[in-house]
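Working through the structure, step by step
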Amino acid sequence: VQTCALPICGSKRQASTKSTAALAPFCWLTTHMSAESTRVAVVACLDWPAVAAQCELRARGQAYEAVAVLHAQRVIARTAAAHGVQVGMRKREAQGACPHTHIATHSPERDRLMFEPVVRAIAELAPLVEVSMPGIVVLATRGPSRYVGGDDALAQQLMHIAETALRGLAQDQHIPFGVGVADGR
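Here goes a summary of the coordinates provided. Remember, it's a predicted structure, so these values are computed and weren't measured experimentally. (Residues numbered from 1 in each chain as written. Predicted model: local features only at pLDDT ≥ 70, side-chain atom pairs only at ≥ 80, totals over all residues. Heavy atoms only, no water.)

1. A few points about the packing of helix α4 (residues 108-123) against helix α6 (residues 151-169)
Direction vectors running N to C along α4 and α6 enclose 150°, while the axes themselves pass 9 Å from each other. Considering only the axes of α4 and α6, their crossing is right-handed. Side by side, α4 and α6 meet where Met 114, Pro 117, Val 118, Ala 121 and Ile 122 of the first sit next to Leu 158, Ile 161, Ala 165, Leu 166 and Leu 169 of the second. Taken together, the residues that form the contact of α4 with α6 break down as 10 nonpolar, no polar and no charged. (Axes fitted to C-alpha atoms, helices over the stretch in contact; angles between N-to-C directions. Helix = DSSP H or I, 4+ residues; strand = E, 2+ residues; numbered from the N terminus. Left-handed = near helix turned anticlockwise from the far one by under 90°. Contact = heavy atoms within 4.5 Å. Nonpolar A, V, L, I, M, F, W, Y, C, P; charged D, E, K, R; others polar.)

Printed below as a string of structure tokens:
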């Protein structure tokens, strides 16, 4: 019996060989991580559900400065951080911290559809992109980095691409997001 070396999995299965490949069906991480570290870039807007809800409201002609998205009566994303609303707060706590906060329900479909223009714009530069969740795009940097002249140039190019895509989506409102380049995940 072999034990998966990854602490997250910890599964014990009878293995026919001594390689971790025999454990691959039982441990998600062994199938998604290679022995060689891959350099990746990440474009992320961590409060994307709230940004998407705010953009949808603006498209309907309803402008709210502060939006909080709830799932199971808890805030999961917010644009009202400056007003004291934090992720994890209950609905009433969020409304108490910022009474003019618009409460939106969680809609994964809305989040996915609103993020698609950003993904398409980034896919113009890098053919293989992974959307970890709406609001977070991961891509291998090897080819794109060489194409644009290095990791710094790639990060700047990704910032420009994301800003352009988000500007059209948010009707020239500022959307906070970040770009990072690192070894591995």
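2. Some remarks on the sheet that holds strand β4 (residues 67-71)
Taken together, 3 strands build an open sheet; the order of strands is β5-β4-β6 and the sheet is mixed. Both outer strands of the open sheet, β5 (74-78) and β6 (102-105), are each paired with one neighbouring strand and no more. Adjacent strand axes in the sheet meet at a mean angle of 40° when their direction is disregarded. Pairing geometry for β4 and β6, over 4 bridges, is parallel. Bridge pairing links Val 69 to Ala 104 in β6. Set on the sheet, helix α2 (residues 48-59) makes contact with β4, β5 and β6; between it and β4 the angle comes to about 120°. (Pairing = 2+ DSSP bridges.)

3. Notes on the packing of α2 against α4
Closest axis-to-axis distance for the α2/α4 pair is 9 Å, and the angle between their directions is 80°. In this view, α2 runs roughly perpendicular relative to α4, as classed from their interaxial angle. Here Trp 48, Pro 49, Ala 52, Ala 53, Cys 55 and Glu 56 of α2 lie close against α4, whose contacting residues are Arg 110, Asp 111, Met 114 and Phe 115. When the residues that make up the contact of α2 with α4 are grouped by side-chain class, the tally is 7 nonpolar, no polar and 3 charged. (Parallel < 35°, antiparallel > 145°, perpendicular 65-115°, else oblique.)

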